[in-house]
Amino acid sequence: MTCTLKEGDLVVIEFDERRRFVTRLRKGARTGSDVGVVLHDDVIGSPCGSYVPVRGGRGGYALVYKPSIIDVLEHGFRRATQVIYPKDSALIAVLAGVGPGARIVEVGTGSGFVTALLAWLVGENGHVYTYEVRREALETAKRNLAMLGLEKRVTFHHRDARLGILEENVDAVIVDMPDPWDILDEAYRALKPGGVFAAYTPSAHQLYMLMERLLEHGGFTRPRVMEVLLREWLPEPEALRPASTMIAHTGFITVSRKVTKKEQV
Ligand SMILES: C[S@@+](CC[C@H](N)C(=O)[O-])C[C@H]1O[C@@H](n2cnc3c(N)ncnc32)[C@H](O)[C@@H]1O
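Being a predicted model, the structure only gives us computed values, none of them experimental.

Caption draft 1: Local environment of the pairing of strand β8 (residues 127-132). Here β8 lies mainly inside the structure; six of its six residues are buried. Where strand β7 (residues 103-107) and β8 come together, five bridges link them in parallel fashion. Looking across to β8, one finds that Glu-106 is bridged to Thr-130. For the segment spanning β7, helix α4 (residues 113-122) and β8, crossover handedness is right-handed. Bridge analysis of β8 against strand β9 (residues 154-158) gives five bridges, and the strand direction is parallel. Within β9, the position partnered with Tyr-129 by the bridge is Thr-155. Crossover handedness for the path β8 to helix α5 (residues 135-147) to β9: right-handed.

Caption draft 2: Examining the state of the cysteines more closely. Under the criterion given, the structure shown has one disulfide. The disulfide bridge from Cys-3 ends at Cys-48, spanning 1.7 Å between sulfur atoms. Taking the torsion about the sulfur-sulfur bond, which here is approximately -65 degrees, the covalent link between Cys-3 and Cys-48 counts as left-handed. You can see Cys-3 sitting in the segment before β1 (10-16) and its partner Cys-48 sitting in the loop between α1 (40-43) and β5 (50-53), a full 45 residues away along the chain. Among the residues examined, Cys-48 registers a relative accessible area of 22% and is labelled partly exposed.

Basis of the calculations
Residues numbered from 1 in each chain as written. Predicted model: local features only at pLDDT ≥ 70, side-chain atom pairs only at ≥ 80, totals over all residues. Heavy atoms only, no water. Buried < 20%, exposed > 50% of the residue type's maximum accessible area, 1.4 Å probe, protein only. Helix = DSSP H or I, 4+ residues; strand = E, 2+ residues; numbered from the N terminus. Pairing = 2+ DSSP bridges. Right-handed = clockwise from strand over helix to strand, strands pointing away. Disulfide = S-S within 2.5 Å.

Following this line, the structure appears as structure tokens:
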């Protein structure tokens, strides 16, 4: 089946590896960078994954293609907060069992980077309920989700989740907030039996506090704790080797399961 780019499509315009822009194609519009401009009229009607001329600047060509979700997260989404990057959020989603039809609670919507991945994974029959105390962050997240057309799969609560999670019997509660230990009772109440609690914490102090409270709680399994170190390699056949720099630390991932408290057995 052929794929042709048309007006209204979300596309990546890639001038080079450091200049990638996610934009929606409109007749008469242009996407510019410091190395030149791409006219959308040149892109409309081109095959997906092809080259179009760069006008002005350095000239040459830019690559145009339809984005995958990671392209949109990395190059299209606005950031109103610290965010969780796909190397971490993808593992959190898999560990939490997020898949088609799942009902997921998220605490700490932030810019919606995790919300978007979750909404994409739960599919048309699943749903994400997300909590955020900062109105400005919530609005950024809504705009970001709308870029992917995923906002209908999400209920946005402008609410402090510590005052109560409104859903029950959910498959997973995924938390990115400074004090995740304060949400354990609410998460326990909202989860279905056997459901997964997952938290992301940047610092060892937060991890320590969370571990201590999870173990004290009595209603969660012994947690798994991990972190992801991602090292890219330079794709040079004559000098194939790891890149000399990498992001050394982002955060710790803690995962545990809701179980019956021992005194209830
Ligand atoms: C680091 S940001 C989350 C970023 C998000 N995971 C992303 O990738 O875009 C943490 C967010 O949690 C929110 N937050 C903190 N405590 C909260 C609470 N008790 N209830 C709801 N949101 C909370 C903050 O306002 C902040 O926007």
